[in-house]
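# Summary of the model geometry
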Amino acid sequence: MFPETDAILERLNPAQRSAVTTVDGPVLVLAGPGSGKTRVITHRIAYLLSHCHVPAYAVLAVTFTNKAAREMLERVRVLVPSQSSQLTIGTFHAICARILRRDGSAIGISPTFTIADEDDQVAVVKRVLKDLDWDEKRNPPRAFLSRISAAKSILVGPREFSASADNFADEQTAIVYSRYQDALAAADLLDFDDLLMSTVRLFTENSSVLQKYRERYSHILVDEFQDTNVAQYAIVRLLGTGHNNPCVVGDEDQSVYSWRHADIRNILNFERDFPGTQVIVLEQNYRSTRTILQAARKMIAPNRQRKEKSLFTENEVGERIVVFEAYDENEEASYVASQIERLVAAQTCRLRDIAVMYRTNSQSRVFEKTFLRHRLPHKVVGMRFYERKEVRDVLAYLRLCYNPNDVTSLDRIVNVPPRQIGAKTLSDLHVWAARLGVSVSEAIQYLAAERETAVPCPIGTRARTALTEFARIIEIIRRASREMVVARLIDKVLEVTGYGDFLKDGTEEGQGRWDNVRELITVAEEFSHYEPEASLAAFLEDAALAADADEYDASTDAVTLITLHAAKGLEFDVVFITGLEEGICPHSRSIDDERQVEEERRLLYVGMTRARRRLFLTYAARRSQFGEAGARQPSRFFKDLSRDLVQGTARAIQGHGGDWAHQERRAVSAAFLPRADGWSSRFESAVDAAPAGDQTVVRFKTGDRVVHPRFGEGTVISVEQRGGDQEVTVAFRDQPIKRLLASLANLQIVS
DNA sequence: AAAGCGTTTATTTTT
DNA sequence: TAAACGCTTT
């Protein structure tokens, strides 16, 4: 039908080509690492536009990060220059935010809502707890938030949550959840999960809005489908059943976000929910050497939660994988630095082709320190720019200006820089506003205008003067926001609030903070082509939804320091995966749960498959954490590295039976036996693998059948040490799940 | 209200 | 380690 020279279809292998050209009916693409997945997606979009007469506005492409979205747009633009500007490409969160701004008013959402980040969420919960007079220490805000987030991700709202709460903890959460939601609504705030859940609600409660988007988007594409959660999948289903043309691309072996409630089952359900789905498997790897691919395949093979794939490559065999044991984290960093110097000196590669990867962000520090000493140019991805205090302060001014109801932002900056408004004043102000039934912003305005109110104002003269001055400043900024673009608005904020001078206190730290604010202005400049108000709105949205991986920039020649999570989707000639120790990878928080260990293994797999030519795996025998040094064992995952693919003298790849790895494996596998009773292994714990010499008496272990005088028979689903005692979580028949102390509960084990 | 001091506590991963 | 909290003093 099309000529052989067709630019969009040439140089695609048969599987890729069929993934590009199968445009009628649902498609599920299972794409191994380095199999040309991005290529397939961009070419598919180009193919739709140029060959199928699909208008660009009818294409909706969902990516995992905003950066991926920008790149995808750029690549499509190269293929189909004229039509790409109307495409909708973005993350679920960004797309949902856009939909809600446009149509959210149908379900009572203000078009100028602001997006609450984690700090805001904590602040809101803290206020809720204060109102309830609950002790923050006993009820950690983050614990509530994690339960609330889990509920939202599976589309359980406060009412349903409350209705199904059948234990004390859930009942408490239900109360907090409901109040938290009210507080967000009062402040015109949506948290990340709300963006998704509210979109689903909008679509299900308002069929004309759903119809509108269904008709518009005839072709939906979703990348990284293995990392979608239930709410995201619901959106795909709601929109996709319209034209019945969704195309999703994923790889369950690269699923590393279950902690963010991603659900691999979405891949399985897709075929069920979209009958007639055509499944296309991309198995040829174009990225890595044969050695690296082979090692990665062996590494992922032990996972039980996966479909067997036959990945292959026609690339050269390449060099062996290097395994290095360092004495401690400093030596590990020095080793990596010297290897990089060697590689660059030998002109094997440039700095920008090299990445150093680690499990946790805190591991980056020692690399930064060492690279600085070696004068090795480097760039840390994920420095959490938008989480820095000074950046958030400036953003809070802008947010308050855009959304006067955003009380979280108001609380944040009402006294920054210090202007004589303390905790007491603020608290009185909240109470007064609530009594009057107005927002805190409005209450301040009443006060500044000396307006008569039904409830007398409890605030003293001094604080009153301070608040009036604050109101005046905000008003100046708000006026300015109608006249100048956001970058100039930030200048204005720094000037009228005195925040600029407040930061420049002469210290080195102050200088660093000031530099960050300047950097923020540089970012804001990108929004200068908008009209003033639109410029502010667009900048705030971008700032709220920006991801760490978004800042990754290959243009400067520097080594990339990056977490394994953030490295997903990237590739480098040379990859160092560091800190491969028990407790780090797999992480100590994952170690006693089989499923979580599988995810840690996938994380390592993702890291290994980022490498094109050379792969280094390192660990330290000793490592300091919290300033305390301690001995470390090499990661259990070294057991699954084929000896013939590696080189090095590290202990982890030497010796046989009786070494550390075997002991580790024996101890751990006892806790990992498959369960016959159907209880999710996710709740299993490896307490029975605790080191000997520990004085605790192990009485119960996961999986024990037990009987209780009142609750009857049950199964132990997890065990936690509590000093010399155990806290046992038991699922009883016909009872909600109970947590019991072994010494008090009179539990008997039944054989 | 703010600043200064000592104690504590946590670090998984992020849209 | 270093941020964050809580207590005391100014």
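Preceding this paragraph is the structure being described.
In what follows, the accompanying structure is described. (Residues numbered from 1 in each chain as written. Chains lettered and ligands numbered in written order. Predicted model: local features only at pLDDT ≥ 70, side-chain atom pairs only at ≥ 80, totals over all residues. Heavy atoms only, no water.)

## Focus: the overall build of chain A
The number of helices and strands found in chain A is 28 helices and 24 strands. Structurally, chain A occupies a C-alpha span of about 85 × 80 × 60 Å along its principal axes. Going through the 751 residues of chain A one by one, you find that 54% of them count as buried. For chain A, the proportion of contacts with a sequence separation of at least 24, taken over those separated by at least 6, is 74%. Per element, the accessible surface of chain A, about 34,300 Å² overall, is 49% carbon and sulfur. Across chain A, the mean location of the 97 positive side-chain charges is 1 Å away from that of the 104 negative side-chain charges. (Helix = DSSP H or I, 4+ residues; strand = E, 2+ residues; numbered from the N terminus. Buried < 20%, exposed > 50% of the residue type's maximum accessible area, 1.4 Å probe, protein only. Contact = heavy atoms within 4.5 Å. Areas by Shrake-Rupley, 256 points an atom, 1.4 Å probe, with all protein chains shown as cover. Lys, Arg positive; Asp, Glu negative; His and termini not counted. Charge placed at Lys NZ, Arg CZ, Asp CG, Glu CD.)

## Overview of the packing of aromatic side chains
Going through the model one piece at a time under the given rule, you end up with 18 aromatic pairs. Their ring planes at 50 degrees and their centres at 4.9 Å tell us that F64 and Y257 sit as a pair that is tilted. Of this pair, F64 sits in the loop between β2 (59-63) and α3 (66-79) while Y257 is found in the loop between β7 (247-250) and α12 (265-273), placing the two residues 193 residues apart along the sequence. Both rings, one in Y358 and one in F367, keep their centres 6.4 Å apart while their planes meet at 20 degrees; by these two values the pair is stacked. Taking relative accessible area as the criterion, Y358 reaches 0% and is therefore assigned buried. Accessibility expressed as a relative area gives 1% for F367, which makes it buried. (Phe/Tyr/Trp six-rings, centres within 6.5 Å; stacked < 30°, edge-to-face > 60°.)

## A word on helix α8 (residues 168-186)
The periodicity of an α-helix, 3.6 residues per turn, causes residues three or four positions apart to be oriented the same way. The end-to-end C-alpha distance of α8, which contains 19 residues, comes to 27 Å, matching closely the 27 Å that a straight helix rising 1.5 Å per residue would cover. All buried positions along α8 are accounted for by D170, Q172, T173, A174, V176, Y177, Y180, Q181 and L184. Those residues of α8 that are buried are in contact with β4 (114-116), α5 (118-132), α6 (141-153), α7 (158-164), β5 (189-191) and α9 (192-205). Two or three places before A169, at the opening of α8, N167 has a side-chain oxygen 3.1 Å from that residue's backbone nitrogen. Taken from the residues just after α8, D188 is the one with a positive phi, measuring 50 degrees. (Expected span 1.5 Å × (residues − 1). Polar contact = N/O pair within 3.5 Å; in protein donor to acceptor, adjacent residues only side chain to side chain.)

## Overview of the environment of A116
Of note, A116 is situated in strand β4. Exposure remark for A116: the relative accessible area of 0% places this residue in the buried category. Between the C-alpha atoms of A116 and F192, which are 76 residues apart in sequence, the distance is 7.1 Å. Contacts of A116, omitting those with residues within four sequence positions, involve Q121, L184, L189, L190, D191 and F192.

## Considering the protein's contact with DNA strand C
The environment of DNA strand C is formed by K126, K389 and F626. Residue K126 places a side-chain N or O atom 3.5 Å away from a phosphate oxygen belonging to DNA strand C. The contact in question runs from a base oxygen of DNA strand C to an N or O atom on the backbone of F626, over 3.2 Å. (Near = heavy atom within 4 Å.)

## Some thoughts on the sheet that holds strand β14 (residues 559-563)
Ordered in space as β13-β14-β12-β15-β16-β11-β19, the seven strands form an open sheet in which the pairing is parallel. Each edge of the open sheet is held by one strand with a lone partner, namely β13 (378-380) and β19 (646-647). Alignment of strand β11 (residues 321-326) against strand β16 (residues 611-620), held across five bridges, turns out to be parallel. Looking at β16, one finds that F324 is bridged to T618. This element, helix α14 (residues 329-345), spans β11, β12 (354-358), β14, β15 (572-577) and β16 of the sheet and lies at about 155 degrees to β16. Strands in contact with helix α26 (residues 594-608) are β12, β15 and β16; relative to β15, the strand with the most contacts, it is inclined by about 145 degrees. (Pairing = 2+ DSSP bridges. Axes fitted to C-alpha atoms, helices over the stretch in contact; angles between N-to-C directions.)

## Here we look at the pairing of strand β1 (residues 27-31)
Burial analysis of β1 places five of its five residues in the buried class, the great majority of the element. By the alternation rule, side chains of β1 split into V27, V29 and A31 and L28 and L30, which are all buried. Here β1 runs beside strand β8 (residues 278-282); their pairing, made up of five bridges, is parallel. Bridge pairing in β8 places V27 opposite Q278. The pairing of β1 with β7 spans four bridges and is parallel. In the sheet register, L30 faces β7, and the bridge partner there is G250.

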